[in-house]
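Geometric and topological summary
Here are the chains, one letter per residue:
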Amino acid sequence: MTNPPPSARACIPFVSVENMVRLTAAIGLPRVLTELAAYIEADFLRWESFEKTPRLASHSPEGVIELMPTSDHVNYAFKYVNGHPSNLKRSLQTVVAFGVFSDVRTGYPLLMAEMTLLTAMRTAATSALVARRLAPAKSRVLALIGNGAQSEFQTIAMQTICGIEEVRLYDIDPSATRKAARNLAGTGLKIISCATAEDAILGAQIITTCTADKQNATILTDNMIGAGVHINAIGGDCPGKTELHSDILKRSDVFVEFPPQARIEGEIQQMPADFPVTEFWEVLAGRKPGRKSESQITLFDSVGFAIEDFSALRYLRDKLEGTDFLQYLDILADPDDTRDLYGMWTRIAAATAERAVR
Ligand code: NAD
């Protein structure tokens, strides 16, 4: 790693975890989440100009490793991300990620970044962007079931973008709830720690499930869900990994990101292949209705889609301009004489030959 770059052309900006924290702290997290939501909204509004494919998943008994590519024919982005619920027992993150943003014209990467934090922020921004359209007007109470890595980001986005004033926390592990309550103290939110999921959803207009378990779990059952709520189901995002009883889906209007991926990974994997869903971008574009009545149950069956990561990297690139919240990575072999890759190798090899190699 080098800073500053020896050759601006060959070294690409890299945003480390530390720099991601420094940059987003300098901007302020609520503003980052608001601006990210605006970038995602702008890209959803030009949905049809993107190349889209369900993400490429490599499954193992413990989890999944996924590549999430997309392009708007000017830029190309991909994210490497995993999902390993069993990592918790090894004191490792369930989800870690990094990503690349490239120039389609040359194929050269323009930016590389950590995306564990950026994923938590873009997922929270997406949840709130959707809830702002679908949740009941004047939603003030959020139930947050699953108080792990995503949970505080989800809560702060709902507070900032949707005006949530109270969060009701529940996790199967009380220490996770204590952690989230501690982290959210000072946000101005009223924080209620709950002993059951039933208790957590009392009086909530928005119910977010963000649990991690590599199985078909039933975090919410049909009898728990009253009329008029908005459910933001983000934890079920893999084949065989769901959070809601299928009866809830039958009573809800279901909104998804990209149906071909959602049908493989989302809550709707439990339903027949022709189960009706609405693509959320069409609501933003005014082509399809969002919430139609006070009694309607709206359900965002979120799995996380590549365009959200594209938007997040695009945002990051814009925000980095003129700052020093980056390093430069020497990862492109780019000889001055473009066809003389071997010559470049011999010159560098000669210059470094004196170093002992064991
Ligand atoms: P995490 O492991 O940090 O937290 C998950 C929490 O869920 C843990 O605290 C665990 O104790 C709790 N939990 C497990 N089973 C539960 C149950 N039955 N009831 C209540 N709580 C339970 O994981 P994370 O990084 O916060 O991610 C949460 C989920 O969100 C994961 O499944 C992840 O794959 C998913 N995710 C989705 C998106 C998206 O875009 N939709 C993005 C990021 C993560």
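Just so we're clear, the structure is a prediction, and the values are computed from it rather than from any experiment. (Residues numbered from 1 in each chain as written. Predicted model: local features only at pLDDT ≥ 70, side-chain atom pairs only at ≥ 80, totals over all residues. Heavy atoms only, no water.)

Their axes nearest at 12 Å, the elements helix H1 (residues 17-27) and helix H10 (residues 306-320) cross at an angle of 75°. Comparing the axis directions of H1 and H10 gives the class roughly perpendicular. Each of Met20, Leu23 and Ile27 in H1 lies in contact with H10, whose residues at this interface are Tyr315, Leu316, Lys319 and Leu320. Grouping the amino acids of the contact of H1 with H10 by side-chain chemistry returns six nonpolar, no polar and one charged. (Axes fitted to C-alpha atoms, helices over the stretch in contact; angles between N-to-C directions. Helix = DSSP H or I, 4+ residues; strand = E, 2+ residues; numbered from the N terminus. Parallel < 35°, antiparallel > 145°, perpendicular 65-115°, else oblique. Contact = heavy atoms within 4.5 Å. Nonpolar A, V, L, I, M, F, W, Y, C, P; charged D, E, K, R; others polar.)

Attention now moves to the pattern of salt bridges. Summed over all chains, the structure comprises 24 salt bridges. The salt bridge partner of Glu48 is Arg287, with a shortest N-O separation of 2.9 Å. Note that Glu48 is positioned in the loop between helix H2 (29-44) and strand E2 (56-59) and Arg287 in the loop between helix H9 (280-284) and strand E16 (297-301), a separation of 239 residues in sequence. Among the ionic pairs, Lys250 bridges to Asp247, the shortest N-O distance being 3.1 Å. Placement of the pair is Lys250 and Asp247 together in helix H7 (residues 246-251), with a separation of three residues, close to one helical turn. A network of salt bridges, in which partner residues are shared, links Asp43, Arg46, Asp72 and Arg314. (Salt bridge = Lys/Arg side-chain N within 4 Å of Asp/Glu carboxyl O.)

The strands making up a sheet associate through hydrogen bonds between their backbones, and the pairing can be parallel or antiparallel. Within the open sheet, the eight strands sit side by side as E9-E8-E7-E10-E12-E16-E14-E15. Their pairing is parallel. Edge positions in the sheet fall to strand E9 (190-193) and strand E15 (278-279), since each of these pairs with one other strand and no more. Against the sheet, helix H3 (residues 116-134) contacts strand E10 (206-209), strand E12 (230-233), strand E14 (252-256) and E16, and its axis sits at roughly 160° relative to E12. The strands that helix H4 (residues 151-162) touches are strand E7 (141-145), strand E8 (166-170), E10 and E12; relative to E7, the one it contacts most, it runs at about 165°. (Pairing = 2+ DSSP bridges.)

With that settled, the discussion passes to the side chain of Asp309. When you line up the elements, Asp309 lands in helix H10. Take Asp309: its relative accessible area is 1%, and that puts it in the buried class. Setting aside residues up to four positions removed in sequence, Asp309 forms contacts with Met68, Lys79, Met115, Thr119 and Arg122. (Buried < 20%, exposed > 50% of the residue type's maximum accessible area, 1.4 Å probe, protein only.)

Okay, the site of the ligand next. Near the ligand there are 24 residues, and of these Thr94, Gln150, Asp171, Asp237 and Lys241 occur at the shortest range. Interatomic distance of 3.0 Å between a backbone N/O atom of Thr211 and an oxygen atom of the ligand. Between Asp237 and the ligand, the recorded distance is 2.8 Å, taken from a side-chain N or O atom to an oxygen atom. (Near = heavy atom within 4 Å. Polar contact = N/O pair within 3.5 Å; in protein donor to acceptor, adjacent residues only side chain to side chain.)

The final tally for this structure, using the stated rule, is 11 aromatic pairs. Summarising the aromatic geometry, the rings of Trp47 and Phe305 are spaced 5.6 Å apart at their centres and angled 35° between planes, so their arrangement reads as tilted. One end of the pair, Trp47, is in the loop between H2 and E2; the other, Phe305, is in the loop between E16 and H10, with 258 residues separating them in the sequence. Judged by relative accessible area, Trp47 falls into the buried class, the value being 3%. With 5.3 Å between their ring centres and 65° between their planes, Phe101 and Phe310 make a pair best called edge-to-face. With Phe101 in strand E5 (residues 97-103) and Phe310 in helix H10, this residue pair connects regions lying 209 residues apart in the sequence. Of the residues examined, Phe310 reaches a relative accessible area of 0% and is grouped as buried. Here the aromatic cluster, defined as three or more aromatic residues joined through ring pairs, consists of Phe44, Trp47, Phe258, Phe280, Trp281, Phe300 and Phe305. (Phe/Tyr/Trp six-rings, centres within 6.5 Å; stacked < 30°, edge-to-face > 60°.)

Within the structure shown, the criterion is met by zero disulfides. Its sulfur unpaired, Cys194 is 14 Å from the next cysteine sulfur, which belongs to Cys210. (Disulfide = S-S within 2.5 Å.)

Take helix H5 (residues 174-184) next. Within the sequence span of H5, burial applies to Ala176, Thr177, Ala180, Ala181 and Leu184. Projected down its long axis, H5 shows its buried positions confined to an angular sector of 135°, all on one face. H5 presents Arg178 and Arg182 as exposed residues on the side facing more than 90 degrees away from its buried surface. Packed against the buried residues of H5 are H4, E8 and E9. Remark: Gly186 follows H5 within two positions and exhibits a positive phi of approximately 95°. (Arc of directions from axis to C-beta.)

Within the secondary structure, Glu35 sits in helix H2. A polar contact is formed between the side chain of Glu35 and the side chain of Lys319, at a distance of 3.1 Å. With residues up to four places along the chain from it excluded, the contact list for Glu35 reads Ile27, Tyr315 and Lys319.

Moving on to the sheet that holds strand E3 (residues 64-71). Ordered in space as E2-E3-E4-E5-E6-E1-E17, the seven strands form an open sheet in which the pairing is mixed. Since the sheet does not close on itself, it has two edges, and those belong to E2 and strand E17 (327-329), each with one partner. Within the sheet, the average angular offset between the axes of one strand and its neighbour, ignoring direction, is 20°. Sheet topology note: the E5/strand E6 (residues 109-114) ladder contains five bridges and is antiparallel. Following the sheet pairing, Phe98 is matched in E6 by Glu114.

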